[in-house]
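# Per-entry structural report
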Amino acid sequence: MTRSGSADPEHGDDLLYVWLQPLHDYQENFLSRLGVEHKIQDHDFLSDDEIRAFIKRFDHILVHLDIDVLDPKLFHSTYFANPELKGDGAGGGKMTIEKLTEILKLVTEQSDVAGFTIAEYLPSDEQRFSRMLSGIRLFTD
C-alpha cells in the first residue's frame, strides 16, 4: 500500500508491505536502502493494529495486490502453481484466501482507497484448457 500521489522512492515510509515472501539479498538491500519497513510473511503477518496505524497516516491509500501472495496449493492461478514456469527461486506465498479477505476488508473499511491494482494473476489451467479446445474441430468450426 502507498499513499495516493506518492511514487517518490525517497519516502520509503509511505510503503507498507502487508504480505511479503522471502527476499533475495538484492531485494532486501533495496528495501532497506529506501527505508521501507517490512516483515517476511514466513515469520509473521502484520497485525490489524499495525495496518490501521499505517493507513491512519494518510487521506488516501493505493493498494497493489500481487496474487502470488496466495498459497499456490490453495489458489492455482498464480505463477508458482504452474510447474511449467521457472522463477527466480523466491517461491510462492503462504496466505489463504480467508486471510487476504480479512486484510482487504480491514483496509477498505478503514481508509479511502483511491486506487487498486491486481497483478500476477496467471490462470494457467484456463489457458491450457483453451489451447486444448482450440485443437478440436467441434470448437473451431
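Residues numbered from 1 in each chain as written. Predicted model: local features only at pLDDT ≥ 70, side-chain atom pairs only at ≥ 80, totals over all residues. Heavy atoms only, no water.

### A short note on the environment of Gln41
By the secondary structure assignment, Gln41 is in the loop between helix 1 (25–34) and helix 2 (48–55). Expressed as a C-alpha distance, the spacing of Gln41 and Val69, which sit 28 residues apart in the sequence, is 9.2 Å. Excluding residues that lie within four positions of it along the chain, Gln41 makes contacts with Trp19, Leu20, Gln21, Val69, Gly93, Lys94 and Met95. (Helix = DSSP H or I, 4+ residues; strand = E, 2+ residues; numbered from the N terminus. Contact = heavy atoms within 4.5 Å.)

### Focus: the environment of Glu37
By the secondary structure assignment, Glu37 is in the loop between helix 1 and helix 2. Classification of Glu37 by relative accessible area gives exposed; the value is 67%. Placed 25 residues apart in sequence, Glu37 and Gly12 show a C-alpha to C-alpha distance of 7.6 Å. (Buried < 20%, exposed > 50% of the residue type's maximum accessible area, 1.4 Å probe, protein only.)

### Overview of helix 2
Along helix 2, the residues classified as buried are Ile51, Phe54 and Ile55. Projected down its long axis, helix 2 shows its buried positions confined to an angular sector of 90°, all on one face. Check the buried side of helix 2 and you find it contacts strand 2 (61–66) and helix 3 (97–110). (Arc of directions from axis to C-beta.)

### A few points about the pattern of salt bridges
Summed over all chains, the structure comprises 4 salt bridges. With its nearest N and O atoms 3.6 Å apart, the salt bridge here joins Arg57 to Asp13. Here Arg57, found in the loop between helix 2 and strand 2, pairs with Asp13, found in the loop between strand 1 (2–3) and helix 1; they are 44 residues apart in sequence, far enough to count as distant. The class of Asp13 is partly exposed, set by a relative accessible area of 45%. (Salt bridge = Lys/Arg side-chain N within 4 Å of Asp/Glu carboxyl O.)

### What to know about unusual backbone geometry
Of note, the phi angle at Glu120 is positive, near 70°, even though the residue is not glycine. Within the secondary structure, Glu120 is located in the loop between strand 3 (113–119) and helix 4 (124–134).

### Thoughts on a nonpolar patch on the surface
A surface patch of nonpolar side chains, about 540 Å² in accessible area, is lined by Phe129, Met132, Ile136, Leu138 and Phe139. Contributions of two or more residues to the nonpolar patch are made by helix 4 and helix 5 (137–140). For Leu138, a relative accessible area of 67% corresponds to the exposed category. (Patch = residues over 30% accessible without salt bridge, like charges linked within 9 Å, V, L, I, M, F, W, Y side chains within 5 Å. Areas by Shrake-Rupley, 256 points an atom, 1.4 Å probe, with all protein chains shown as cover.)

### So, the packing of helix 2 against helix 3
The geometry of helix 2 relative to helix 3 is characterised by a closest axis approach of 10 Å and an angle of 30° between their N-to-C directions. Judged by the angle between their axes, helix 2 and helix 3 are roughly parallel. With respect to the hand of their crossing, helix 2 and helix 3 are arranged in right-handed fashion. Contacts between helix 2 and helix 3 involve Asp48, Ile51, Arg52 and Ile55 from the former and Ile103, Leu106, Val107 and Gln110 from the latter. Here the contact of helix 2 with helix 3 is composed, by residue class, of 5 nonpolar, 1 polar and 2 charged. (Axes fitted to C-alpha atoms, helices over the stretch in contact; angles between N-to-C directions. Parallel < 35°, antiparallel > 145°, perpendicular 65-115°, else oblique. Left-handed = near helix turned anticlockwise from the far one by under 90°. Nonpolar A, V, L, I, M, F, W, Y, C, P; charged D, E, K, R; others polar.)

### Let's talk about the environment of Leu122
Among the secondary structure elements, Leu122 is positioned in the loop between strand 3 and helix 4. On the accessibility criterion, Leu122 (28% relative accessible area) is partly exposed. Residues Leu122 and Ser77, 45 residues apart in the sequence, show an inter-C-alpha distance of 4.9 Å. When sequence neighbours within four positions are dropped, the list of residues in contact with Leu122 reads His76, Ser77, Thr78, Tyr79 and Leu85.

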